[in-house]
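Descriptive analysis of the structure
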Amino acid sequence: MAGHYSNLLFFTSVLALLAPLLALEIENLERLKASLDDITNLHSDELHPDEDGENKRQNRASEAQRTAQHNWPKDCSEVSAGSPSGIYVIQPTGLHPIVVYCEMNVTDGGWTVIQRNRQSTEITWAESWSTYKYGFGNVHTEYWLGTEYIHQISRQKVYQVRFVIWDAANNMTFADYNLFSVEDESQGYRLRLGTYSGVAGDSMTTNSASTVHDNMKFSAKDRDHDTSSGNCASSYGGGWWYSACYSVRLNVKGGMTWGSLCNGNCKASAILIKPASYC
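Within each chain, residue numbers correspond to sequence positions counted from 1 in written order. Reporting of local features is limited, given that this is a predicted model, to residues whose pLDDT is at least 70; pairs of side-chain atoms are given and counted only at 80 or more, and all residues count toward the totals for whole chains, interfaces and linings. Derived side-chain values reflect all non-hydrogen atoms in the structure, with water molecules and hydrogen atoms excluded from consideration.

Note the threshold: UniProt positions are given in the numbering used here, feature names are shortened, and annotations may be inferred rather than shown by experiment.
In the annotation of an unreviewed UniProt entry, the protein is listed under the name Fibrinogen-like protein a and assigned to Limosa lapponica baueri. A UniProt comment under Subcellular location (unreviewed entry) is attached to the protein, and it reads "Secreted".

Re helix α4 (residues 147-154)
Stated formally: The buried label applies to any residue whose accessible area, calculated with a 1.4 Å probe on protein chains only, is under 20% of its type's maximum; exposed applies above 50%, and partly exposed to all values in between. Secondary structure elements follow DSSP: runs of H or I of four or more residues count as helices, runs of E of two or more count as strands, with numbering from the N terminus.
Summarising burial for α4: 8 of the 8 residues are buried, a large majority. Within the span of α4, buried status applies to Thr147, Glu148, Tyr149, Ile150, His151, Gln152, Ile153 and Ser154.

Digging into the sheet that holds strand β12 (residues 262-263)
We count it as follows: For two strands to be treated as a pair, DSSP must find at least two bridges joining them.
The strand order across the open sheet built from 3 strands is β10-β11-β12, with neighbouring strands paired in antiparallel fashion. The two strands at the open ends of the sheet, each matched to only one other strand, are β10 (248-249) and β12. Pairing of β10 with strand β11 (residues 257-258), which is carried by 2 bridges, proceeds in the antiparallel orientation. Counted as the bridge partner of Arg249 is Thr257 from β11.

Comments concerning the state of the cysteines
Disulfide: a covalent bond formed between the sulfur atoms of two cysteine residues. Quick reminder of the rule: Two cysteine sulfur atoms form a disulfide, by the criterion used here, when they sit within 2.5 Å.
Summed over the entire model, instances satisfying the criterion amount to 3 disulfides. Note that Cys76 is cross-linked by a disulfide to Cys102, the S-S spacing being 1.9 Å. The sign of the -75° torsion about the S-S bond sets the Cys76-Cys102 disulfide as left-handed. Of this pair, Cys76 sits in the loop between α2 (54-68) and β1 (86-90) while Cys102 sits in strand β2 (residues 98-103), and the two are 26 residues apart along the sequence. Covalent S-S linkage joins Cys262 and Cys266, the inter-sulfur distance amounting to 2.0 Å.

Points about the nonpolar core
For soluble globular proteins, the rule of thumb is that nonpolar side chains tend to be buried together. Operational definition: To form a nonpolar core, buried Ala, Val, Leu, Ile, Met, Phe, Trp, Tyr and Cys residues must be joined to one another through side-chain atoms within 4.5 Å. Contact between two residues is taken to exist if any of their heavy atoms lie within 4.5 Å; hydrogens are not considered.
One finds Val99, Leu145, Phe163, Phe180, Met204, Trp240 and Trp258 to be the most contacted residues of the largest nonpolar core, which totals 71 residues. Non-local contacts of Phe163, meaning those with residues more than four positions away in its chain, are made with Thr173, Phe174, Ala175, Tyr177, Met204, Trp240, Leu250, Trp258, Ala270 and Ile271.

Quick look at unusual backbone geometry
Look at the link from Ala244 to Cys245: it is a cis peptide, with omega at 15°. Unlike most non-glycine residues, Thr107 shows phi in positive territory, near 45°. Residue placement: Thr107 occurs in the loop between β2 and β3 (111-118). Overall, Thr107 belongs to the partly exposed group, its relative accessible area being 42%.

Now the structure itself:
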């Protein structure tokens, strides 16, 4: 009887420890193949377990309680300066918490990574509108954060964007636009960009009407918003802000393109956003 009571107390205490973490709903944790152990801003920096692990259990309990009541950053720009790059929980206004990769080492840090891809990716990128809407891939490697999440983040503040491109020779280059926003789903997640600067070349805003991407709605294989008589997403793969059809194609398995910099043979890409800075 005493043993049964002891076991009951043990399981009750375990459930008490887990309850706050179970209450934490990270909406895209499984979709982006992350676990709680991966998340940089979920864990205390000061865990000093004794021999039987009691202090560690107590610290985890208090950590879980803090987690359930946490005020998460709205984007990676609100992560403390000096924090490492890695996977973080953020909570854009009006949403459940989500995980994202924060790039903290480039140009003063604070960049929210909304896309990463590489030539050797295992992702097909040939996904439906609804899959693009809520994101897919692996936050450790290649992923699309989700068009809805990108919209919700971009509506919080005035944002800028950096497209990072690794060319055919694996040289890293970039294209910055001083304004970035994505409209809501009723507007087809239309892309709005500002003025270009950088060294990769402006392949998003200054092309002909048939290959421009600025002011285009997002298209996927089952939701055609492009200006072509055909379906660019079905013909050329992936989901993107196609016109008729493209000068940039980053959401694709192999064949990544950024204008004339690397036409079908870019090695990798990343798209990073952060609040615009004004001097």
